[in-house]
Every structure is written in C-alpha cells, then in structure tokens.
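# Structural overview for review
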Amino acid sequence: MRIDLSASRHPEPYYGRFIGRLTKYAHGIRGEVYAVDESTVFVRGFAYDGTGPDAYFWVGDGPQPSPEGTLVPYPEDYVSRDPPVLSAHSNSDILLRLPAGKRLRDIKWISVWCRRFTVNFGDVFIPPGLDPPRPRVLPEFKRLAHGLRSGNISVLDAKTFYIPNLHYDGAGPDAYFWVGNGSEPNPFGTKVPNEMGSLNPLRGYQGEDIEIVLPGKLTAYDVDWLAVWCVEYRHNFGHVYIPKDLDVPPALGQTKITPAWWYNPTSSTTSQTPFSAANNCKEILDKRLQIKWEIQGDHVQITLSARLRKEQYMAFGISGAEGKPAMLGADVVVAYWDTRTNQPRVADYTITHLAQCDGERGVCPDARLGGTNDAVVVSGQQKSGVTTITYRRPLAAREPGRDREILSARSQSVIAAFGPLNALAEANAHSFMDTTRADVQLDFGAQNDNTCIGLAELDEGGPAPWPARLLAGATTFTARIGPAAGRRGYTPTTGHPSWGIAWYINDLLIPEIYVERGKTYTFLVEGGDDRTNPAKFHPFYISDSSEGGFGQKKEEEQRKQRVFAGVAYDNEGYPYPTAVGRYCEWAHKSVDQWAASATFEQYMQTLQLECAEGAPAVLNWTVAHETPDLLYYQCYTHNNLGWKIHVVDPGTPIPYPDKSAIVNSAERSLTLTSLVILTLTLTVTLTALHR
C-alpha cells in the first residue's frame, strides 16, 4: 500500500497564502510573494539586476513604501556588521523573516528599496484580512503501551512535528515514529526519522522536547495519524490523529530544527545507511536471511542481514528461471565481511555451472570473467551477532548473458544462499539446506511490503544475560506482563526476538516451569481484557508452539499447533481465548534499566506494578498423562512472550543447578539474589520487594 500523495489537501507545490506579484518599477524586479506564516514571506522566482547601490528588502505600515520602513536582511545569516546590500538574482526562491518581532498584520507592503536614493524598485501590498497559515496544536499521544505519553503535539509546518515532554521507556525492539493513512495506525505506514535524523529504533525519552521531520515528499496533508509503532511486531504504542482541515505553513526551511547528525552505534561499521521512506522487508532461508529493498531511480538499494560465521557469505539475486529457484543462469550478489580489512564486500556473480569458478565458468564474479562488478557497497555493520550489508545495483541488465533485469512493475523469482568463502574470498559450494528450495517471489517496485519478524540480536560483547529462572513445586501461578529486559532477559534466554514485553510468572521473567502429569494447576492471568487495545490484550494459553500467537495465525498454521489450555471453540468452530483477565504490568519507573542492572533482582527495583481495575482470569489445567514432555506458555494474540513448561511424571527429580545457588527463604528472608528461584511448597515472589 502506498500513501497517496495526490490526495494532499493543498496543491503541490505549496508555498503558503498567495499575497501577490511584485510590481516592477526598475532594475528588472520580478517575483511571486507568499505568506508562509505570520512572520515569514516566500518570494518565488525573484529577479533583480543587482545594480542598485543600496537596495534591500523593505517593509512598512504606511500607505506607500517610504524611508519610514524597516530593513529585512537577506540572507539573514550574514556575518558582517551590517546587513549585505541585495545582490543580483535571476530566478531565486527567497525566504524572508520579518525582523524585530513584526508580523504580517503589522505591515502593509513589501518593497525592494534603495536607501541612498529613496527609490522604490518594486513592491507588493498585503491584502486586507490576510490570514496566513499557522501551526496547529493537536492532542497528546494516546497512551497505549511502553509508557508513551507527551504534551500536546504541534504541526509546525507541513513536514515538522513538535513533540513536547515526550516519555517512552525505549523497550520496544523495533519502534519508530510512524505515519500513514486509515482509521488507525497499521503496518502500511512510513518510518519517520527521529529528532537526530536517524532511522535507528527509538531510544527511551524522559520528558524531552523534540522535533521530527517527515521524509521525502511526504507532508502532514498526506497522512491521517502520527504514531509510535513497532514494525517487527506490528503494534501501536500510541498515536495522535491529524485533522482533515489542517492549514499549516508549507515546509520551506523556515522551521529551525535539531541538526540531523547520524547516530553512530558502538559497532563495527563503515557508514550509516541513509534513511529511506520505503518499508520493504522479507525473510527467506527459514527466516535466517533478511532482505530490505527500495528502488532509487534506475538502481535498487538492497540490505542483507544474517548471522554469518567467520569467512561465510550471503548471496541474493535473480533466479535463472522464472517460477522456480534456478541457480544456473542466475544473477546474484555475494556479500560478506572481509575480516582482513574489517570492511563489507559485495561482488556481482554469474552462475554458468554448479561448480567453483575456474576462471571461465562456474559460480564466478563477473569481474573475473572480464565483465564489470555492478554491485556497489553503500554501508555495512556487524552488531549483536548480525552482519548487515547494504549495496546498490542497476535495474537494467548492463551485460547481456551475465546480468538479469530487475523488474519494477511486477514480482519475479529470486534466490539466496549461505556458504563458505574459499582462499580467494570467492563463493564456495553451499549445502542443500542453505539455499532457496522453493520459488520465492519478490516485487522490487513495492512499498510497505514488510513481512519481517526480525533476527534476534545477541550482543556477544554486551552485558551478560541473567541466569535462567526455574519454578517447581508450585500449583498456583500469577501471569502478568513486564519488560523483556533487552539483552539480559527474554532474547538471550530463548534465542527469539522480542517486541519489548514478556510474561512474568510469579513475578519472574519467563521462568521454566515444571509440572507433573495427573496434577491440576491454576494460573491467575492478568494479561489484559481490552480487545480494542492490542498492545495490552494478552490472553494466556498453553501450547506446543515455541512461538505462540495462536489467534493471529491462519487456519492451516493453527492446525500445526496443539493447544492444551486457554483456547476454546464456539458453535461455528472458531477459536477464542478463555484466560482473559485484567491488565497488570511491571512498568518502568523511568527508562529501561536492563543494561545497568547486574541482576534480575536489581532490575525489579526499577519497576513498579501497575494494575487496571477488574479481576484476574482463572485458568485451571489438569495435566493429562499423555501430555508431551515440553510445552510452552504463550500469548494468544502475539508471538514470543512466553517460555517453557517441562512436563514430568510424579517423583521425577528436577534437574536443579548447583544447590549453593538456591536461596532458602528462611535463611535470606525475601531478598531474591539467587541464580535460580526454586518454589517448593510456598512460591516466593518478588512482589514482596515492593510491599
């Protein structure tokens, strides 16, 4: 889906409210004058021969231009002591700011005036009752998730939003400012760079005032809402609607905002990928290779991301035959990280034989066969165990017989592979499991074609993850929502990406639960009961799926899951969740402190329990004798919130870790500093820490 720029509520290009044309009296004066806002004027197509000895832009409130006026400096950022004399212009676009706090309602005319000879070279009069465009104040962000809130948001001009007193805990793994069309935020939107011009996922904010600018040709007239949106998990953390009767100043550079310096993460990186308004992403090779793309003129820019081993490559390109994954005749780009130079590399390859390149045929770089390498590195980085390389290549097939055309009007078959590099740093043979085995179609001309879930990022050089928790011996459990704790919590424990929240069972972050066959267990579920707010609606269920999200799956995908508790079916055979209770969340007191918390117990001190009105849902589960050994507690509406349930026979020894790591509550009161929390007859929870 594309945002329809043709539906803009102002004609494009838009310069503001038309004032009139400069009347020419001398020196070739010409130009159209527009009111940008109450104190800014835009002169389009300005012409002046530059021969006046002491000419300036000049404004006043008398009946005619006269010496009793006020000089308007141009350019305004002059460095000399006195404003510069107006120079020659042939067809310039000029932005003028009225000086000394003046507004358009305070003046009656604008002139090009020669002070020395008191001559009016040209002028335009302000129409009576002129109503210039002005910024529009909107409500605050709707508060839905992750502590998002703000003051009243202002649309300063057609591209600039001012967001005061912004609060956000920063725990969303793939959250961005997001704009789009429709009755509510949805996946078919566009990323908006943050206040620093970066498209990195949003950091936490604690009451900051920021300004953000819409990308490309997009304006506030083209969109229906501004949101904070998690792309990876397709969730709305909060939004504000943009009214249809908007009448704000055009974006002509008059709004001074924070300089757009690129954020430079601490990682092996050569450069930052320029931000893009496109939102295309696809995962292939069993979701191990992530592909992002955008057509830019007569080229396509492609970003490949994967967990590569040392001296391993990732390859992506156009299949040698339409409708199937054909290696022979394919046109691919091989990308890898050069460990010798610590730089990303890309090479354009032709595949004429399914064998290593011998200099004449095989899987060969085009350059080695006398051709040209049409792939050019844009940027690359290695971060959190993921190698990301961005490159550009032409759409056209520049070398017939070696290159294949990339289509922009329809989808086409693509192929991909992983494999080892040989001694020449060229692609070597790959295994059957490391290449596309079925037809994969990709529409290079698409926008907002994003089906990516995300590659879990594990920072090998970052903070150590907390030890896993274990619950055994308890028969009653509380199930609440809480933060996923970055690279110390959910993701390093499970190996799955997180969208910033997870289940807290007995106030422990995703512990492994042990249950016995034949016994009945009770779960008091507080995952939310407001179906209108997906970010706070998390019914609890038990399944054999390590991913969860039963309710969002298609029917054929649901049939692949076995559900053991928490889901029922209505008279028409449609599933619905049964464990739906009030919403309780361990919320951040400020921003997410996972990186600064050496232990989970320290982390819990940075959280506070917030519960909505209502009661928990009660889910009773009797474990049948034929229940499999391994199950998972999950969220019905979302992927990747829960973890393991180990099902054992009565009397089976529990594989506890070193006993010295288990803290007895009688010996240490309720200070939970253990590596593993063992619940025997009384469940010890961290709730006591907050009493």
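Residues numbered from 1 in each chain as written. Predicted model: local features only at pLDDT ≥ 70, side-chain atom pairs only at ≥ 80, totals over all residues. Heavy atoms only, no water.

Per an unreviewed UniProt entry, the protein chain goes by Protein Skeletor and derives from Euphydryas editha.

Take the overall build of the protein chain next. On a plain count of helices and strands, the protein chain comes out with four helices and 44 strands. Within the protein chain, the proportion of its 691 residues that are buried is 53%. Sequence-distant contacts in the protein chain: of pairs separated by 6 or more residues, those separated by 24 or more amount to 67%. Approximately 30600 Å² of the protein chain is accessible, and the part contributed by carbon and sulfur atoms is 50%. (Helix = DSSP H or I, 4+ residues; strand = E, 2+ residues; numbered from the N terminus. Buried < 20%, exposed > 50% of the residue type's maximum accessible area, 1.4 Å probe, protein only. Contact = heavy atoms within 4.5 Å. Areas by Shrake-Rupley, 256 points an atom, 1.4 Å probe, with all protein chains shown as cover.)

For the rest of this paragraph, the subject is the state of the cysteines. Enumeration over the complete set of coordinates arrives at one disulfide. Between the sulfur atoms of Cys584 and its disulfide partner Cys611 the distance amounts to 2.0 Å. For the disulfide bridge between Cys584 and Cys611, the dihedral angle about the S-S bond is near 120°, and by the sign convention the bridge is right-handed. Of this pair, Cys584 sits in strand β40 (residues 584-588) while Cys611 sits in strand β41 (residues 607-611), and the two are 27 residues apart along the sequence. The exposure class of Cys611 is partly exposed, given its relative accessible area of 37%. (Disulfide = S-S within 2.5 Å.)

Now for the nonpolar core. As a rule of thumb, soluble globular proteins bury nonpolar side chains together. Residues Phe177, Trp503, Phe523 and Phe540 are the most contacted members of the largest nonpolar core, which totals 81 residues. The element that contributes the greatest number of residues to this core is strand β32 (residues 501-505), accounting for five residues. The next biggest cluster of nonpolar side chains, apart from the first, holds 27 residues, and it includes Ile291, Trp293, Ile302 and Phe444. (Core = buried A, V, L, I, M, F, W, Y, C linked by side-chain atoms within 4.5 Å.)

Attention now goes to the sheet that holds strand β23 (residues 331-338). Here six strands make up an open sheet; going across it, the order is β25-β24-β23-β22-β28-β29 and the pairing antiparallel. In this open sheet, the two edge strands, each paired with only one partner strand, are β25 (363-365) and β29 (440-442). Pairwise comparison of adjacent strand axes, ignoring direction, gives a mean angle of 35° for this sheet. Strand direction decides the pairing type here: strand β22 (residues 312-318) and β23, joined by six bridges, are antiparallel. Looking across to β23, one finds that Met314 is bridged to Ala335. (Pairing = 2+ DSSP bridges. Axes fitted to C-alpha atoms, helices over the stretch in contact; angles between N-to-C directions.)

Here we come to the side chain of Lys553. Position of Lys553 relative to the elements: it lies in the loop between β36 (540-543) and α2 (555-558). A polar contact of 3.4 Å, which involves the side chain of Lys553, links it to the backbone oxygen of Gly549. Residues in contact with Lys553, not counting those within four places in the same chain, are Glu547, Gly548, Gln558, Gln561 and Asn639. (Polar contact = N/O pair within 3.5 Å; in protein donor to acceptor, adjacent residues only side chain to side chain.)

Moving on, we get to the sheet that holds strand β6 (residues 70-72). Here we have five strands laid out as an open sheet, ordered β2-β9-β8-β5-β6, and antiparallel in their pairing. Looking at which strands have only one partner, the edges of the open sheet turn out to be β2 (23-24) and β6. When strand β5 (residues 55-60) meets strand β8 (residues 109-114), the two strands line up antiparallel, connected through six bridges. Pairing of Phe57 across the sheet is with Val112, part of β8.

A word on the packing of aromatic side chains. As enumerated under the stated definition, the model contains 24 aromatic pairs in all. The interplanar angle of 10° and the centroid separation of 6.2 Å between the aromatic rings of Trp178 and Trp229 together place this pair among those described as stacked. Highlighted residues: Trp178 in strand β13 (residues 175-180) and Trp229 in strand β16 (residues 225-230), separated in sequence by 51 residues. Each member of the pair, Trp178 together with Trp229, is buried. Grouping aromatic residues by their ring pairs yields a cluster made of Phe477, Trp503, Tyr521, Phe523, Phe540 and Tyr633. Across the ring face of Tyr176, the terminal group of Lys191 is positioned such that the distance to the ring centre comes to 4.2 Å. (Phe/Tyr/Trp six-rings, centres within 6.5 Å; stacked < 30°, edge-to-face > 60°. Lys NZ or Arg CZ within 6 Å of the ring centre and 35° of its normal.)

Once that is clear, we can look at the environment of Tyr574. Here Tyr574 is to be found in the loop between β38 (567-569) and β39 (575-577). Between the C-alpha atom of Tyr574 and that of Glu555, which follows or precedes it by 19 residues, the distance is 9.6 Å. For Tyr574, the contacting residues outside a window of four places in its chain are Ala568 and Tyr569.

On to unusual backbone geometry, then. Peptide bonds are, in most cases, trans, and in most cases residues other than glycine have a negative phi. With an omega dihedral of -5°, the bond running from Tyr74 to Pro75 counts as a cis peptide bond. With respect to the helices and strands, Pro75 occurs in the loop between β6 and β7 (89-97). A positive phi angle is found at His27, which is not glycine, with a value near 60°. By the secondary structure assignment, His27 is in the loop between β2 and β3 (30-37). The phi angle at Ala485 is positive, at roughly 65°, despite the residue not being glycine. Its place among the elements puts Ala485 in the loop between β31 (476-483) and α1 (490-494).

Turning our eyes to something else, we now look at the pattern of salt bridges. Tallied over the entire structure, the rule returns 27 salt bridges. The salt bridge partner of Glu208 is Arg203, with a shortest N-O separation of 2.7 Å. The class of Arg203 is partly exposed, set by a relative accessible area of 36%. Glu526 serves as the salt-bridge partner of Arg582, at 3.0 Å between the closest nitrogen and oxygen. One end of the pair, Arg582, is in the loop between β39 and β40; the other, Glu526, is in strand β35 (residues 520-526), with 56 residues separating them in the sequence. Each of Glu38, Arg103, Asp131 and Arg134 takes part in one network of salt bridges that share partners. (Salt bridge = Lys/Arg side-chain N within 4 Å of Asp/Glu carboxyl O.)

Moving on: the environment of Ile19. The topology assignment puts Ile19 in strand β1 (residues 17-21). Between the C-alpha atom of Ile19 and that of Leu130, which follows or precedes it by 111 residues, the distance is 8.1 Å. Once residues lying within four places of it in the same chain are set aside, the contact partners of Ile19 are Val33, Tyr34, Ala35, Val124, Phe125, Ile126, Pro127 and Leu130.

Next up on the list: the pairing of strand β26 (residues 376-383). Consecutive side chains of a regular strand alternate in pointing toward one face of the sheet and then the other. Pairing of β26 with strand β27 (residues 386-394) involves seven bridges; the strand directions are antiparallel. Across the sheet, Lys383 pairs through a bridge with Val386, a residue of β27. Count of turn residues in the β26/β27 antiparallel hairpin: two residues, of which Ser384 carries a positive phi of about 55°.

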